[in-house]
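One letter stands for each residue in the lines below.
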Amino acid sequence: GTEVDAEVARQLEGAVLGLAEAVRKVPADRDWLILIESFAASAVNGGAVDVEAWEKALLRMAVVADTLARQGLPGERLATRFQAGMAPVDPRRGEGRVVEIKLLCCFRPG
């Protein structure tokens with residue numbers, strides 16, 4: 001599912017605080033971007049696109065992006081990437097239930 005349980009909500013809150021702190025340290029003359037990556041364990045299931053797995057992964061990614069934006073991180077600095085057919089394994093939840101958040105920094109604009 002895509003619901004955010006209490007543990008995930010705490011992890012997201014910690015991620016937001018950590019990202020906000022890291023962004024404050026970015027030099028003013030540098031650009032930055034927050035990349036949200038989501039994964040589906042399989043691209044194809046039974047000879048067809050695994051739509052259910054893709055939908056769940058995309059919804060998880062959307063929940064994270066929405067949470068970061070609602071917590072004040074600028075929407076124009078958020079980017080997303082989805083990958084199907086390979087997924088990191090969350091030891092508690094199984095394959096394909098991971099969303100990664102990365103700060104891409106510090107490239108020069110233009």
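Check the entry above for the structure.
Given the structure is predicted, the values throughout are model-derived calculations rather than measurements. (Residues numbered from 1 in each chain as written. Predicted model: local features only at pLDDT ≥ 70, side-chain atom pairs only at ≥ 80, totals over all residues. Heavy atoms only, no water.)

Q: What is the right way to read the packing of aromatic side chains from this model?
A: Within a pair of aromatic rings, the relevant descriptors are the distance that separates the centres and the angle that separates the planes. Scanning the model with the defined rule gives 1 aromatic pair in all. Relative to Phe 82, the ring of Trp 54 lies with its centre 5.3 Å away and its plane at 65 degrees, an arrangement referred to as edge-to-face. Here Trp 54, found in helix H2 (residues 51–70), pairs with Phe 82, found in strand S4 (residues 78–84); they are 28 residues apart in sequence, far enough to count as distant. Residue classification places Trp 54 among the partly exposed residues on the basis of a relative accessible area of 29%. In this structure, Arg 77 packs its charged tip against the face of Trp 32, placed 4.6 Å from the ring centre. (Phe/Tyr/Trp six-rings, centres within 6.5 Å; stacked < 30°, edge-to-face > 60°. Helix = DSSP H or I, 4+ residues; strand = E, 2+ residues; numbered from the N terminus. Buried < 20%, exposed > 50% of the residue type's maximum accessible area, 1.4 Å probe, protein only. Lys NZ or Arg CZ within 6 Å of the ring centre and 35° of its normal.)

Q: Would you mind going over the environment of Ile 34 with me for this structure?
A: With respect to the secondary-structure elements, Ile 34 resides in strand S1 (residues 31–40). Considering only alpha carbons, one finds Ile 34 and Leu 103, 69 residues apart in sequence, at a separation of 4.6 Å. In this structure, Ile 34 is in contact with Leu 19, Leu 68, Leu 73, Arg 77, Leu 78, Ala 79, Ile 101, Lys 102 and Leu 103, ignoring residues within four places of it in sequence. (Contact = heavy atoms within 4.5 Å.)

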